[in-house]
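Here's the letter readout for the chains.
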Amino acid sequence: MAMSVGGDGSDEKPMSDINTTPLVDVMLVLLIIFLIAIPVVVQSVELNLPKVQFEPTTTKPENVNLSVMGQGDTCQVYWNMTPVTAENLLERAVTKLEEEVERQGGPTAPGLELPEVHIRGDVDTPYRCIGGTIYTMQSAGFAKVGFISEPPAGAVTSRQ
């Protein structure tokens, strides 16, 4: 390291430059210490997390498509394009499920495949409207209830 202490006396101006070399040395040492120490300190349980990916919905004619909208205190539920009340929704769901089970040969038929419920909910719909629709469909006997959503623009779908 070089150090300037003055000169021959002709230039009496004091030196005003800050020596940053020690600061840089300390920062590099701290960086190396933290790079080594952080993986030792951070511990987590090894888990096999699910891979999230978009899967296109396979639409079967026996599936039930519901649209739910809510504004204020009212909830509007549509069975395909027909508006239904909560009581009417339960009656239609029970009837639809019974008809489908009978069409496939009864409740003890081998390979019985129950229809699914696909719910499309408006973004501004209160959860009580969606939750009430799910509860009604599960009360009717539907085991599979899924949500239809729109993937983000430019999303790439992949299948493994």
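Everything here concerns the structure above.
Report follows, based on the coordinates. (Residues numbered from 1 in each chain as written. Predicted model: local features only at pLDDT ≥ 70, side-chain atom pairs only at ≥ 80, totals over all residues. Heavy atoms only, no water.)

### Brief notes about the sheet that holds strand E4 (residues 117-121)
Working step 1: Taken in spatial order, the 5 strands of this open sheet run E3-E2-E1-E4-E5, and their pairing is mixed. Looking at the sheet topology across the chains shown, the edges are occupied by strand E3 (82-84) and strand E5 (145-147). With direction set aside, neighbouring strand axes in the sheet form an average angle of 30 degrees.
Working step 2: Pairing of strand E1 (residues 64-71) with strand E2 (residues 74-79) involves 6 bridges; the strand directions are antiparallel. Of the residues in E2, the one forming a bridge with glycine 70 is cysteine 75.
Working step 3: Of the strands in this sheet, E1, E2, E4 and E5 are in contact with helix H3 (residues 127-140), which crosses E1 at around 150 degrees. (Pairing = 2+ DSSP bridges. Helix = DSSP H or I, 4+ residues; strand = E, 2+ residues; numbered from the N terminus. Axes fitted to C-alpha atoms, helices over the stretch in contact; angles between N-to-C directions. Contact = heavy atoms within 4.5 Å.)

### A short note on a nonpolar patch on the surface
Working step 1: A contiguous nonpolar surface patch, about 760 Å² in accessible area, is contributed by Leu23, Val26, Met27, Val29, Leu30, Ile33, Phe34 and Ile38.
Working step 2: If you trace the backbone, isoleucine 38 turns up in helix H1 (residues 21-41). (Patch = residues over 30% accessible without salt bridge, like charges linked within 9 Å, V, L, I, M, F, W, Y side chains within 5 Å. Areas by Shrake-Rupley, 256 points an atom, 1.4 Å probe, with all protein chains shown as cover. Salt bridge = Lys/Arg side-chain N within 4 Å of Asp/Glu carboxyl O.)

### So, the nonpolar core
Working step 1: In this structure, Val64, Leu66, Trp79, Leu89, Val117, Met137 and Phe142 are the most contacted members of the largest nonpolar core, which totals 17 residues.
Working step 2: When residues of this core are traced back to their parent elements, those giving at least two are E1, E2, helix H2 (86-103), E4 and H3.
Working step 3: Ranked by residues supplied to this core, first place goes to H3 with 5 residues.
Working step 4: Other than its neighbours up to four places away in sequence, tryptophan 79 contacts Val64, Asn65, Leu66, Val84, Leu89, Arg92, Ala93, Lys96 and Met137. (Core = buried A, V, L, I, M, F, W, Y, C linked by side-chain atoms within 4.5 Å. Buried < 20%, exposed > 50% of the residue type's maximum accessible area, 1.4 Å probe, protein only.)

### Some points on H2
Working step 1: In this model, H2 (18 residues) spans 26 Å end to end at C-alpha, consistent with the 26 Å of a helix rising 1.5 Å per residue.
Working step 2: Within H2, the full set of buried residues consists of Leu89, Ala93, Leu97, Glu100 and Val101. For H2, the angular spread of the buried residues around the axis is 100 degrees, confining them to a single face. In this structure, H2 carries Glu87, Glu91, Glu98, Glu99, Glu102 and Arg103 as exposed residues pointing more than 90 degrees from its buried face.
Working step 3: Check the buried side of H2 and you find it contacts E1, E2, E3 and H3. (Expected span 1.5 Å × (residues − 1). Arc of directions from axis to C-beta.)

### Here's the deal with the state of the cysteines
Working step 1: Counted under the stated rule, the structure contains 1 disulfide.
Working step 2: Put simply, cysteine 75 and cysteine 129 are joined by a disulfide, and their sulfur atoms are 1.9 Å apart. With the S-S dihedral at roughly -70 degrees, the linkage between cysteine 75 and cysteine 129 falls on the left-handed side. On the criterion of sequence distance, the pair formed by cysteine 75 in strand E2 and cysteine 129 in helix H3 is long-range, its members being 54 residues apart.
Working step 3: The exposure class assigned to cysteine 75 is partly exposed, which follows from its relative accessible area of 35%.
Working step 4: Since its relative accessible area comes to 4%, cysteine 129 is described here as buried. (Disulfide = S-S within 2.5 Å.)

### Description of the pattern of salt bridges
Working step 1: Within this structure, the stated rule accounts for 1 salt bridge.
Working step 2: Between glutamate 100 and arginine 103 there is a salt bridge, with the nearest N and O atoms lying 2.4 Å from each other. Pair noted here: glutamate 100 and arginine 103 are both in helix H2, with a separation of 3 residues, about one helical turn.

### Looking at the environment of leucine 66
Working step 1: Among the secondary structure elements, leucine 66 is positioned in strand E1.
Working step 2: Once residues within four sequence positions are removed from consideration, leucine 66 is found in contact with Val77, Tyr78, Trp79, Leu89, Val117, His118, Ile119, Arg120, Thr133 and Met137.

### Details of the side chain of asparagine 63
Working step 1: Considering the arrangement of structural elements, one finds asparagine 63 in the loop between H1 and E1.
Working step 2: On the basis of relative accessible area, asparagine 63 is assigned to the buried category, the value being 7%.
Working step 3: Within the local environment of asparagine 63, its side chain forms a polar contact with the backbone nitrogen of glutamate 116, the two atoms lying 3.0 Å apart. (Polar contact = N/O pair within 3.5 Å; in protein donor to acceptor, adjacent residues only side chain to side chain.)

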